[in-house]
Amino acid sequence: MISLHEIKDSFLHLLFPHICDGCGSDMLGKESSLCMRCMEAMPETNFELHAGNPVEKKFWGRLPLQQATAQYYFTRESLMQHLMHQFKYKRNKELGFQLGKKMGESIKRSGRFVVDALVPLPLFPAKEKRRGYNQATILCDGMAESLRVPVLKDVVIRSQHTDTQTQKGRIERWQNMEGKFVLAKPEAISNKNVLLVDDVVTTGATLEACGAELLKAENVRLSIGALCSAAKS
């Protein structure tokens, strides 16, 4: 016999359908933005398990990092590109929070990372206002739930607007980012293990510029975590 609770749930689902952000299926848990099939199809890198992984190698000779990782591979016309678009441009913060939580769980399980605080890569204020949020902060909020560490949002600020990095080469990307970050609260990260977080790492120029500024704080130890690593720079 169908209960009133089941009837209510069915009616609410009809009015406000809860569907997978990846494929549109309604076969997913109430607290998830993704169905099991899409979660299993997401291309995990497992970089967090391995020293000298491709993300760490990007920064060799550029930044003195403790560790670095990216959760998923990013390729064009893929499930990950679709999810990234949902998260960054369609205001799907719930999806971003879930992906951040997954990042945090993977980093915690790896046993390689020591994290005292999370620092989201900042957006230029006008851009953040236009978008409505900073995607790196949403990822950090999800990660914090798994790692049980604070998110420090105003430690470093983006002092100048920068042109898009999409069509630039590595040298141009670095020149575009040089001097664009300012360490505003060095005391907040002094003597801490800090994980700098962004959504995608390609050449690493933006993370390098921000990381170099964070390293000006006294005795800070820096690691990097990204949601995705581009298959090609």
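Parameters at a glance
- Per chain, residues are indexed from 1 in the order of the written sequence.
- A pLDDT threshold of at least 70 governs which residues receive local features in this predicted model, and a stricter bar of 80 or more applies before side-chain atom pairs are shown or counted, although totals over entire chains, interfaces and linings include all residues.
- The side-chain quantities take in all heavy atoms of the structure and omit both hydrogens and water.
- The nonpolar core is taken to be a set of buried Ala, Val, Leu, Ile, Met, Phe, Trp, Tyr and Cys residues, with the residues joined through side-chain atoms within 4.5 Å.
- Under the scheme applied here, a residue whose accessible area is under 20% of the maximum for its type counts as buried, over 50% as exposed, and between as partly exposed, the area being computed with a 1.4 Å probe on protein chains only.
- Put simply, DSSP H or I for four residues or longer makes a helix, DSSP E for two residues or longer makes a strand, and each gets a number counted from the N terminus.
- The contact criterion used throughout is that any non-hydrogen atoms of two residues lie within 4.5 Å.
- Pairing between strands is defined by DSSP: at least two bridges between the two strands are required.
- The span one expects for a helix is its residue count, reduced by one, times 1.5 Å.
- The term salt bridge refers to a pairing of a side-chain nitrogen on Lys or Arg with a carboxyl oxygen on Asp or Glu at a separation within 4 Å.

Undergrad: Mind laying out the nonpolar core, listing which residues take part and the relevant values?
TA: Leu99, Leu118, Met143, Leu195, Val197 and Leu227 are the most contacted members of the largest nonpolar core, which totals 31 residues. Of all the elements, helix α7 (residues 135-147) adds the most residues to this core, at six residues. Sequence-distant contacts of Leu118, that is, excluding residues within four places in its chain, are made with Cys140, Met143, Ala144, Leu147, Val149, Pro150, Val151, Leu152, Leu195 and Val197. Core analysis: the second largest hydrophobic core is formed by 27 residues, Val55, Ala117, Leu183 and Val220 among them.

Undergrad: Describe the pairing of strand β1 (residues 68-74), and please don't skip the residues or the numbers.
TA: With six of its seven residues buried, β1 lies for the most part within the structure. Where β1 lies against strand β6 (residues 221-230), six bridges are found, and the strand directions are parallel. Bridge pairing links Phe74 to Ala230 in β6.

Undergrad: Could you give me a rundown of helix α5 (residues 93-110), with the residues and numbers involved?
TA: Taking 1.5 Å per residue, 18 residues should reach 26 Å; α5 reaches 26 Å between its end C-alpha atoms and fits that length. Residues Leu95, Gly96, Gln98, Leu99, Gly100, Met103, Gly104, Ser106, Ile107 and Ser110 constitute the buried set of α5. The secondary structure elements touched by the buried residues of α5 are α2 (36-41), β1, α4 (79-89), α7, β5 (193-201) and β6. Gly111 occupies a position one or two residues after α5 and carries a positive phi of about 75 degrees.

Undergrad: How would you summarise the pattern of salt bridges if you had to cite specific residues and measurements?
TA: Going through the model one piece at a time under the given rule, you end up with six salt bridges. Two residues, Glu145 and Lys101, come together in a salt bridge whose shortest N-O distance is 3.1 Å. Of this pair, Glu145 sits in helix α7 while Lys101 is found in helix α5, placing the two residues 44 residues apart along the sequence.

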